[in-house]
Amino acid sequence: MATYGMDRVPDYLGYLVLAEDGAVISSGGELENDESTANKLNKLIHTACRIPITPDKKDVLRRMSIVVDDVIFMVTVSQHKIFVSKRQYNPQEPVST
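Residues numbered from 1 in each chain as written. Predicted model: local features only at pLDDT ≥ 70, side-chain atom pairs only at ≥ 80, totals over all residues. Heavy atoms only, no water.

K.L.:
Which residues make up helix α1 (residues 35-49), and what values do they have?
P.N.:
The end-to-end C-alpha distance of α1, which contains 15 residues, comes to 21 Å, matching closely the 21 Å that a straight helix rising 1.5 Å per residue would cover. Within α1, the full set of buried residues consists of T37, A38, L41, N42 and I45. Summarising the axial view, the buried residues of α1 lie within an arc of 130 degrees, below the 170-degree limit, and thus occupy one face. Set apart from the buried face of α1 by more than 90 degrees, the exposed residues are K40 and K43. In the core, the buried residues of α1 are packed alongside β1 (12-19), β2 (24-29), β3 (63-68), β4 (71-78) and β5 (81-88). (Helix = DSSP H or I, 4+ residues; strand = E, 2+ residues; numbered from the N terminus. Expected span 1.5 Å × (residues − 1). Buried < 20%, exposed > 50% of the residue type's maximum accessible area, 1.4 Å probe, protein only. Arc of directions from axis to C-beta. Contact = heavy atoms within 4.5 Å.)

Have a look at this one:
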């Protein structure tokens, strides 16, 4: 199975590549064969896609970040596929001068 290069993402924990209908095309790491997470993310993404981003409704959802505790799911919709990268969430402390 192709990894789509997603295993090279910094702080990578796992990835999913989903078809438009939510079927898992490819997976790896902590998300390997994780149908439950795939189904939940697919529902969330399809719900978010129905929400207009701009008043004229011409812009559509392409990217989404979902933070859960110390993990972030980075979602990109491209070429009729949904790419999900699960990463360690390490927010940077603000720099004060």
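K.L.:
If you had to explain the pairing of β5 to someone new, which residues and values would you point to?
P.N.:
One ladder, built from seven bridges, connects β1 with β5; its direction is antiparallel. Looking at β5, one finds that L16 is bridged to V84. Where β4 lies against β5, eight bridges are found, and the strand directions are antiparallel. Within β5, the position partnered with T76 by the bridge is F83. (Pairing = 2+ DSSP bridges.)

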